[in-house]
Amino acid sequence: MGEISVDRQHLDRLLADSASTYGAPYQRAFVELAETRRGRPVAEILPLLRRAADEALLAFTDADLREQAEAISTGERYVLRVTVA
């Protein structure tokens, strides 16, 4: 299970919110990858997750991104704990 700390003013970078003007919420990118990359190798998914995190300006660790990629690959549920600062 991954954990990330997000500043309150940057929560829209993580969560898909139609009212947000921010262009790259990570949640939307993750869902799209989960729908289109299930069963694909972790090595294929990992750089796509990294790019989505970078575009959303989120500082996930390599271990967090690997866990997420493994969950997408296997189709297992992934839980992300978000601490809002």
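A brief look at the structure comes next. (Residues numbered from 1 in each chain as written. Predicted model: local features only at pLDDT ≥ 70, side-chain atom pairs only at ≥ 80, totals over all residues. Heavy atoms only, no water.)

With that settled, consider helix 1 (residues 26-37). Under the 1.5 Å per step criterion, the end-to-end length of helix 1 is 16 Å for 12 residues, consistent within 8% with the ideal 16 Å. For helix 1, the full list of buried residues reads Tyr26, Phe30 and Leu33. For helix 1, the buried positions fall inside an angular range of 65 degrees around the axis, keeping them on one side. Opposite the buried face of helix 1, by more than 90 degrees, sit the exposed residues Glu35 and Thr36. Packing partners of the buried residues in helix 1 comprise helix 2 (42-55) and helix 3 (62-74). Positive backbone phi, approximately 85 degrees, marks Gly39, located one or two places after helix 1. (Helix = DSSP H or I, 4+ residues; strand = E, 2+ residues; numbered from the N terminus. Expected span 1.5 Å × (residues − 1). Buried < 20%, exposed > 50% of the residue type's maximum accessible area, 1.4 Å probe, protein only. Arc of directions from axis to C-beta. Contact = heavy atoms within 4.5 Å.)

So, about helix 3. Across its 13 residues, helix 3 extends 18 Å between first and last C-alpha, which sits within 8% of the 18 Å expected from 1.5 Å per residue. Residues of helix 3 that are buried include every one of Asp64, Leu65, Gln68, Ala69, Ala71, Ile72 and Ser73, and no others. Gly75 sits one or two residues past helix 3 and shows a positive phi near 80 degrees.

Another point: the side chain of Ser73. Structurally, Ser73 can be placed in helix 3. Given a relative accessible area of 17%, Ser73 falls into the buried group. Apart from the residues lying within four places of it in its own chain, the contact partners of Ser73 are Arg38, Gly39, Arg40, Pro41, Val42 and Ile45.

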